[in-house]
Structures are given as structure tokens and as C-alpha cells.
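Below are the chains, spelled out letter by letter.
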Amino acid sequence: MKVRYSYLKQQFSNCPSLWKKLKLFVATGDFTLGKELKIFESKFAKLIGTKYAVGVNSGTDALKLSLKAANIKHGDEVITAANTFVATVGAINELGAKIVFVDCDDTFCIDANKIEEKITKNTKAIVPVHFTGYMPNMKKITQIAKKYKLKVIEDACQSILGSYKKKNAGTWGFSGAFSLHPLKNINVWSDGGVITTNDKKTFNKLCLLRNHGLKDRDHMDIFGYNSRLDTIQAVVGNWILPKAKKISDQRIKNASYLDNGLRKIKGITIPERKKNIRIVYHLYIIFASQRDALLKYCIKKRYRG
Ligand SMILES: *Cc1c(COP(=O)(O)O)cnc(C)c1O
């Protein structure tokens, strides 16, 4: 069997309705912020289940602007997962905060039982990462955060429509950071990101931060960034969002097919599939007793399509 690394080429090879939308959009000249972005943000917030969503230019910036909105400063300590993509850590570093790692468990996510021992008087936030599309024990993490008055910023870049106890990734904390990178589960044609939040004040601050701190054309409230979600990408986003549920359902179905097949092979262990977690499988990972040999074999058999 030939297995592709991604279906990106097929995904957009035949989409006349999107091209039609883009053509109409280009004729409006509404290229920065604007109507399509507003529509995308309200659709995204509705999909995830938060009051607000703010489009930014990447998942990395979704994290960075969240941390900035949470007032994370030089010297503050931010707890995050040791097992993550480098961008999580890069975003914390950008603000001059100290990165404090907590190890993961066999779900690939932060071990919530090991967080409390890392908290000091300088700890200001926890950034749990819903790595591979799995989720850590968010009940416990939000309880710890409440006890120590810490902000929770979810790195939900790999977990659009993932959930813990039926509550979606990106709805648990101060804010949730999503990526729309071409290789993520819900993707656009370039870099893109979204921040979800339920707090109006945070929403307003994030809107300022992504657009140079500009309140309107002539008034600047705070120093900010140039981190708007490209409006062309918002058009692509508006086309793909109605397909989001189907895409994640299909990934879950594919994973279950793989689980059932691979489970029968000696030397392969399937990670626990916890009932109260909806895993959306941005990545599909198994444990192998002869990992290096298996990897070598897979590389030899690789499909170059
Ligand atoms: C992809 C990813 C990011 C960064 O997203 P970009 O859109 O590529 O900037 C951050 N954290 C995790 C866990 C990711 O997988």
C-alpha cells in the first residue's frame, strides 16, 4: 500500500467554487482586515465554541500575542510541555520569559500531575500543548491555574475540534492558539493563525496587538505587531471551515482503521485511546519495540508521490 505524507495537492486540485470566490474578492480590493476576515473570525469562534476569534498571521504569533495579552514579561516563568514543536518555546522566549519544561506522559501531552512541583513565585502562565491532536488533563490544569492565579494559554495548533470531556481545545483557558499552516488539519494556502477567547477585554487587546496597536487609522493605543491574518487566506478559510467537522471525523476514522490493523502486530503498542478525549490525530503515533529498524524499513518503502 502506498501512503502519502499529505493530501495537500489533491485537496485543492479541483475547487472551482473557491476560485470563483477569490476572483470576486480580488475585485473588492478589501485586502487588509475587512469583511471576509470578520466572517472567518465569527465562523471560527462558532466552530470552536468561544465568544471571539482573532485572525493572526501564524500559530506562532497566536501564541506570542496571547502571551503578550496575558501580560507575560521579561523574567516571568511560563510552564510548558517538554514534548512540543519548537514554536511553542520560541514564542515564550520572544517575550523574554523563562521557559519551564514539564515532561509528557504516554499521551504525548504534558503530565498534569507534574506541573505543581514546577510552580514558583515567578510563574505566570501554563501553556499546555495538545500535541498530535491529543489533549492533557485540562480539568486538572485549569484547577491548578486557578489555585495559583496563572493564565492558561492552550497551544491548540494541532487540535482543531479536539476535545477533553466534550469541551473543545481552545475553550479552556485565557486563550487558545491555532495554526492554519498548510500541513495542519484545517489549512489555508500560506501561513495563518487564530486566537480564541471568551473575554471581551482580551479580544480587544488582541485586535490592537495584531495591527500595530492602532485603534483606528489615526490613533495608536499600545505598541503592537503587524500580524493580521491575510484576508485572501480568510477567503480560503471561509471555504474550508464548513468542511472542518468532516475532515476531523475522517482523521479519527483513519486512525481507528490503523489502530485495528497495527494492534495485531507483535512489537507495536497503540497509545491509550481515552474515552473522554476526542483525539483529532494531527499526527498518528505508535510505540514500536524495534523503532529504529522499523523506521529504516519504512524509509526504504517510502512513497515518493
Ligand atoms: C504548527 C505548530 C505551531 C506553530 O504554528 P505556525 O502556524 O507554523 O506558526 C505551534 N505549536 C505547535 C504544537 C504546532 O504544531
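The sections below set out a description of the structure shown in this document. Please read all numbers here as calculations on a predicted model, not as lab measurements.

We now examine the side chain of Thr202. Of note, Thr202 is situated in helix α7 (residues 200-209). If near-sequence neighbours (up to four positions away) are discounted, Thr202 is found in contact with Ala69, Phe174 and Thr197.

Looking now at the site of the ligand. Around the ligand, the surrounding shell holds 15 residues, and the nearest of these are Gly59, Thr60, Asp155, Ser179 and Lys184. Contact distances for the ligand include 2.5 Å between an oxygen atom and a side-chain N or O atom of Thr60. In this structure, a nitrogen atom belonging to the ligand sits 2.8 Å away from a side-chain N or O atom of Asp155. Burial of the ligand by the protein chains amounts to 93% of its free accessible area of 380 Å².

Bringing the packing of aromatic side chains into the picture now. What describes a pair of aromatic rings is the distance from one ring centre to the other and the angle between the planes of the rings. Inspection of the entire model under this criterion finds ten aromatic pairs. Aromatic ring contacts, followed pair by pair, group Phe12, Trp19, Trp189 and Trp239 into a single cluster. Across from the ring centre of Trp172, 5.4 Å away, lies the NZ or CZ of Lys167, which sits over that ring. Sitting over the face of the ring of Trp239, Lys243 holds its NZ or CZ atom 4.0 Å from the ring centroid.

Cut-offs used in this document
- Per chain, residues are indexed from 1 in the order of the written sequence.
- Only residues with pLDDT of at least 70 are given local features in this predicted model, and only at 80 or more are side-chain atom pairs given and counted; all residues enter the totals for whole chains, interfaces and linings.
- The side-chain figures draw on all heavy atoms in the structure; neither hydrogens nor water molecules are used.
- Secondary structure counts use DSSP, requiring at least four H or I residues in a row for a helix and at least two E residues in a row for a strand, with both numbered from the N terminus.
- Any two residues whose heavy atoms approach within 4.5 Å at even a single point are treated as in contact.
- Nearness is defined per residue: one heavy atom within 4 Å of the molecule or strand is enough.
- Distance and chemistry together define a polar contact, namely a pair of N or O atoms within 3.5 Å, with one atom able to donate a hydrogen and the other to accept it when in protein, and with adjacent residues in sequence counting only for side-chain atoms on both sides.
- Per-residue and other accessible areas follow the Shrake-Rupley method at a 1.4 Å probe size, with only the shown protein chains counted as cover for residues.
- Note on aromatic contacts: the rings of Phe and Tyr and the six-membered ring of Trp form a pair at centre separations within 6.5 Å, being stacked when their planes are under 30 degrees apart, edge-to-face when over 60 apart, and tilted otherwise.
- When the NZ atom of lysine or the CZ atom of arginine is within 6 Å of a ring's centre and also within 35 degrees of its normal, the charge is said to sit over that ring.

By themselves, these observations are geometric and do not establish any function.
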